[in-house]
Amino acid sequence: MSQLSTSIIGRTWDEWRHRRLQSGGDTEDFLLVTWDSCRHDTFERARTPVLDGHAAARRAWAMATYTLPAHQAMFNGFLPHVFEPLPFYNRYVQQLWRISHRNVAVKPLVTFPEGTVNIVNGFRRRGYATLGVAAMDWFKRPSPLQDGFEWFRVTGTRARTQVDMLREQITRRARHRPCFVFANFGETHSPFRHEGMAVGADPQGERMSLGRLFNASGLHDATATIDTDLWARQVACAEFLDAQMADLLRCFMARGRPTTVVLTADHGECLGEQGLYGHAIHHEKVLEVPLLIFRLNAPPHAAPETNAEKPSAGPHGAGRAGVAAAIPDYSITSMSASTQERSK
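Residues numbered from 1 in each chain as written. Predicted model: local features only at pLDDT ≥ 70, side-chain atom pairs only at ≥ 80, totals over all residues. Heavy atoms only, no water.

Visitor: How should the pairing of strand 8 (residues 259–264) be read in this particular structure?
Guide: Successive side chains on a regular strand alternate, one facing one side of the sheet and the next facing the other. Of all the six residues making up strand 8, six are buried; the element is thus mostly covered by neighbouring parts of the structure. Of the two faces of strand 8, both are covered, the one formed by Thr259, Val261 and Leu263 as well as the one formed by Thr260, Val262 and Thr264. Where strand 1 (residues 29–35) meets strand 8, six bridges bridge the pair, whose relative direction is parallel. Its bridge partner being in strand 8, Phe30 is matched across the sheet by Thr260. (Buried < 20%, exposed > 50% of the residue type's maximum accessible area, 1.4 Å probe, protein only. Helix = DSSP H or I, 4+ residues; strand = E, 2+ residues; numbered from the N terminus. Pairing = 2+ DSSP bridges.)

Written as structure tokens, this is what we have:
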């Protein structure tokens, strides 16, 4: 990084230039939600009428196998990846949030100057309210996952309380400015419990206790299969979280600002496949996650724009000039048929 770019004048120049290198404006609200440990097949099996009204989930691949690095990746602009030619779902088509425009042929929706600590800091420097809640202990200080937030609380697994806290803080701190809001919900994390579930002896939950998970063999058992009882528990928790999303989304709709919503999981979970339980291990079911991206209070984002400062040919000579024409319509209208076909 040059000496000029680290000076006040340099930083101001970088900000001005990077706003020209993004396709979005600076008045959009953003909501990023992670359902901790939620498997893609769990989301597909769950009844999710609230989210079905906005988008269909895509099968995505997480950037990491456990909470800390997966969220660090997202806070640096790297969402779980979908192998389809869709903006935002596939960052090679168009990236939603990016730090530095360098070597990018298509404008990201939002881009921050090189050297920005993370996207949360980037939004805060632009005057956004940056607000967050999390269930998992990985977010407790001195965790780097709180960097850039002007208000953040770690609550444990209490989704309804988390939503109420966010609604209050949005009203208090973002009445006259845009906001970047983050929520990490823990109900879909083992032992897969949500408000209202019966209490008492819990043999299913014991199968996912930390004492058992931390002392597992880490070896494959070719004869083992999924524990359907545990899977059903996670499905029930996903259905509970879908209901909680209703109040959170209504809060943003009432603001009237265009809002881009991203809902995903940081990673998935093994539930007995090949004798494996939990996460923080490389396995297909740990890396498969749902990903939904949709917009409130406005039409879908326009097709990607080519970055004028970058040649349209990629490193292997693949031209990007026709990329917008190749991108399918990903609005709710075009996706509704897919949503309706989901068996609930």
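What follows picks up the thread again.
Visitor: I'm lost on helix 7 (residues 159–173) in this one. Help?
Guide: Spanning 15 residues, helix 7 covers 21 Å between terminal C-alpha atoms, matching the ideal 21 Å at 1.5 Å per step. Within the sequence span of helix 7, burial applies to Ala159, Gln162, Val163, Leu166, Gln169 and Ile170. The arc that holds the buried residues of helix 7, viewed along the axis, is 135°, so those residues lie on one side. Among the structural elements, strand 5 (129–134), strand 6 (151–154), strand 7 (179–185) and helix 10 (228–255) are those in contact with the buried residues of helix 7. (Expected span 1.5 Å × (residues − 1). Arc of directions from axis to C-beta. Contact = heavy atoms within 4.5 Å.)

Visitor: In this structure, what is going on with the packing of aromatic side chains? I would like to understand it.
Guide: To describe a pair of aromatic rings, you give the distance between the ring centres and the angle between the ring planes. Evaluation of the coordinates by the stated rule reveals 16 aromatic pairs. Their ring planes at 45° and their centres at 5.6 Å tell us that Trp35 and Phe43 sit as a pair that is tilted. The class for Trp35 is buried, based on a relative accessible area of 1%. Each ring, one from Phe123 and one from Phe180, has its centre 5.2 Å from the other, and the planes form 15°; the classification is stacked. Here Phe123 is found in helix 6 (residues 119–125), whereas its partner Phe180 is found in strand 7, with 57 residues between them in sequence. Neither Phe123 nor Phe180 differs from the other in exposure class; each is buried. An aromatic cluster is present here, built from Phe30, Phe75, Trp97, Phe112, Phe123, Tyr128, Phe139, Phe149, Phe152, Phe180 and Phe182 joined pairwise through their rings. (Phe/Tyr/Trp six-rings, centres within 6.5 Å; stacked < 30°, edge-to-face > 60°.)

Visitor: How do you make sense of the nonpolar core when you look at a structure like this?
Guide: Buried together is how nonpolar side chains tend to be arranged in soluble globular proteins. With 79 residues, the main nonpolar core has Val33, Trp35, Leu51, Trp97, Phe180, Phe185 and Met245 as its most contacted residues. In this view, Val33 contacts Ala183, Phe185, Met245, Leu248, Val262, Leu263 and Thr264; residues no more than four positions away in its chain are not counted. (Core = buried A, V, L, I, M, F, W, Y, C linked by side-chain atoms within 4.5 Å.)

Visitor: I'm lost on the side chain of Lys107 in this one. Help?
Guide: When you line up the elements, Lys107 lands in the loop between strand 3 (97–99) and strand 4 (110–112). Of the residues examined, Lys107 reaches a relative accessible area of 14% and is grouped as buried. Residues in contact with Lys107, not counting those within four places in the same chain, are Arg20, Leu21, Gln22, Ser23, Gln94, Glu305, Thr306 and Asn307.

Visitor: Sorry if this is basic, but what is going on with the pattern of salt bridges here?
Guide: Two side chains carrying opposite charge are able to pair once their charged atoms lie near each other. Taken as a whole and assessed by the stated rule, the structure comprises 19 salt bridges. Measuring nitrogen to oxygen at the nearest pair gives 3.6 Å for the salt bridge that ties Lys285 to Asp41. Here Asp41 lies in helix 3 (residues 40–45) and Lys285 lies in helix 11 (residues 284–287), a separation of 244 residues in the sequence. The partner of Lys107 in a salt bridge is Glu305, and the shortest N-O contact between them spans 3.5 Å. Taken together, the residues span a long stretch of sequence, with Lys107 in the loop between strand 3 and strand 4 and Glu305 in the loop between strand 11 (288–296) and helix 12 (323–326) at a distance of 198 residues. Taken together, the salt bridges that share partners define one network made up of Arg39, Asp41, Arg59, Glu273, Glu284, Lys285 and Glu288. (Salt bridge = Lys/Arg side-chain N within 4 Å of Asp/Glu carboxyl O.)

Visitor: Looking at this model, I keep getting lost on the environment of Leu31. Mind explaining?
Guide: Looking at the element boundaries, Leu31 is found in strand 1. According to the relative accessible area criterion, Leu31 is buried, its value standing at 0%. Once the C-alpha coordinates of Leu31 and Thr259 are considered, the two residues, 228 residues apart in sequence, prove to be 7.3 Å apart. Those residues in contact with Leu31, other than ones at most four positions away along the chain, are Val181, Leu248, Leu249, Phe252, Thr260, Val261 and Val262.

Visitor: Sorry, what's going on with the packing of helix 7 against helix 10 here?
Guide: Two packed helices can be described by the angle between their axes and the distance between those axes. For the pair helix 7 and helix 10, the least separation of the axes is 9 Å and the interaxial angle reads 5°. One finds that helix 7 runs roughly parallel with respect to helix 10. The segment helix 7 lies against helix 10, with Ala159, Arg160, Val163, Leu166, Arg167 and Ile170 engaging Phe240, Leu241, Gln244, Asp247, Leu248, Cys251, Phe252 and Arg255. (Axes fitted to C-alpha atoms, helices over the stretch in contact; angles between N-to-C directions. Parallel < 35°, antiparallel > 145°, perpendicular 65-115°, else oblique.)

Visitor: It is not clear to me how the sheet that holds strand 5 should be interpreted in this structure. Could you clarify?
Guide: Sheet strands associate in pairs through backbone hydrogen bonding, adopting either a parallel or an antiparallel arrangement. Strand order across the open sheet formed by seven strands is 2-11-8-1-7-5-6, with mixed pairing between neighbours. Where the open sheet ends on each side, the last strands, each with one partner, are strand 2 (58–61) and strand 6. For this sheet, the mean inter-axis angle between neighbouring strands, taken without regard to orientation, is 15°. Relative to strand 5, helix 7 is tilted by about 170°, and along the sheet it contacts strand 5, strand 6 and strand 7. Against the sheet, helix 10 makes contact with strand 1, strand 7, strand 8 and strand 11, and its axis sits at roughly 170° relative to strand 1, the strand it touches most.

Visitor: Looking at this structure, how should I read unusual backbone geometry?
Guide: The omega torsion across Arg141 and Pro142 is 15°, close enough to zero to call that bond cis. Locating Pro142 in the fold gives a position in the loop between strand 5 and strand 6. Residue Ser190 is joined to Pro191 through a cis peptide bond whose omega torsion reads 15°. Located in the positive-phi region is Phe88, a residue other than glycine, with phi close to 75°. Looking at the element boundaries, Phe88 is found in the loop between helix 5 (67–74) and strand 3.

Visitor: Would you mind going over the environment of Arg212 with me for this structure?
Guide: For Arg212, the position within the fold is in helix 9 (residues 210–213). Each C-alpha atom of the pair Arg212 and Tyr277 lies 9.1 Å from the other, and the pair is 65 residues apart in sequence. Residues contacting Arg212, with those up to four places away along its chain left out, are Glu206, Arg207 and Tyr277.

Function-wise, these values are silent; they only describe arrangement.
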